[in-house]
Amino acid sequence: MLHYVYTEPVALHVFFNAFFLYSFMGWIMECIVIRREKGKWENRGFAHLPFCIIYGFGAMLGFTVLRPLSGNYVLLYIVGAVLATTFEYLTARLMLRLFGTFWWDYTNKPFNYKGILCLESTLGWGFIAVLLFAFLHRGVFGMVMRIPENIGTALAFVLVCAYTADFMMCMRRSLQRAHSEEDEGREPAFGHIRNLIHRIF
């Protein structure tokens, strides 16, 4: 049985630092997987900084939602696999809406759905859900909570600001590329972003 269930209040900067630590770990995992599959290194994040924030969101969402199931391996595996697959699908649909593409492709995997989902990843998400509560949450939160509060708060602030700035610069470059492609009469790869921004502003 799993016995680790963190129930004490957690400071906001702890969540942010845990979020970015998970995002960094996800970035490393993605780079290793792509290196194995394609034989070359490739930045797997949208921005320049080494973070895949989908892993940060997934880990923190799992931490919040799956805690009541953390004492049951089987149920945690099943619910974790279903929720993570649903999250992956919704994320891909949102990215298609915003960017015109998504950052992974399961087309060559067996039992895949439009390259967005595949059986292999669904089964893997279940194992990751168990791994999160068996080992990772304890280690990650233990690590970030050992950082002195003033340093942890400053670190969280710097990470949020740095990633936001990096993301916005990459977004701006993508918008400029879309505009250039339209000027050349080509279908813009990121046209959905500009349309969305126009609707908002």
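Now for a quick tour of the structure. (Residues numbered from 1 in each chain as written. Predicted model: local features only at pLDDT ≥ 70, side-chain atom pairs only at ≥ 80, totals over all residues. Heavy atoms only, no water.)

### Quick notes on the overall build of the protein chain
Heads up, the condition is: Comment: elements are numbered from the N terminus, with helices defined as DSSP H or I runs of at least four residues and strands as E runs of at least two. Remark: exposure states derive from per-residue accessible area (1.4 Å probe, protein chains only) relative to the maximum for the residue type, with buried under 20%, exposed over 50%, and partly exposed in between. For accessible areas, the Shrake-Rupley method is used with a probe of radius 1.4 Å. Any residue's cover is judged against the shown protein chains and nothing else.
If you tally the helices and strands in the protein chain, you get six helices and two strands. Put simply, the protein chain runs from its N terminus to its C terminus through helices and strands in the order α-α-α-β-β-α-α-α. When burial is assessed residue by residue, the protein chain has 38% of its 201 residues classed as buried. Total accessible area on the protein chain stands at roughly 12100 Å², and carbon and sulfur atoms take up 68% of it.

### Description of the side chain of Asp166
Formally: N or O atoms closer than or at 3.5 Å make up a polar contact, with two conditions inside protein: a donor-capable atom paired with an acceptor-capable one, and, for residues adjacent in sequence, both atoms drawn from side chains. Here a residue-residue contact requires only that any non-hydrogen atoms of the pair lie within 4.5 Å.
Following the sequence through the fold, Asp166 ends up in helix H5 (residues 149-183). Reaching out from Asp166, the side chain makes a polar contact with the backbone nitrogen of His48 at a distance of 2.8 Å. Not counting residues within four places of it along the chain, the set of residues in contact with Asp166 comprises Ala47, His48 and Leu49.

### Let's talk about the nonpolar core
Using the following cut-off: Remark: nonpolar core denotes a set of buried residues (Ala, Val, Leu, Ile, Met, Phe, Trp, Tyr, Cys) joined through side-chain atoms within 4.5 Å.
Ala18, Phe20, Tyr22, Phe51, Met60, Phe141 and Tyr163 are the most contacted members of the largest nonpolar core, which has 27 residues in total. Elements with a contribution of two residues or more to this core: helix H1 (12-38), helix H2 (53-65), helix H4 (119-145) and H5. Considering each element in turn, this core owes the most residues, seven residues, to H4. Membership of the second largest hydrophobic core comes to eight residues, among which are Met95, Phe102, Ile116 and Leu117.

### A short note on unusual backbone geometry
For Phe111, which is not glycine, the phi dihedral falls at a positive 55°. Tracing the sequence through the fold places Phe111 in the loop between helix H3 (73-99) and strand S1 (112-113). In this structure, Lys114 takes a positive phi of about 55° despite not being glycine. Topologically, Lys114 is positioned in the loop between S1 and strand S2 (117-118). On the accessibility criterion, Lys114 (59% relative accessible area) is exposed.

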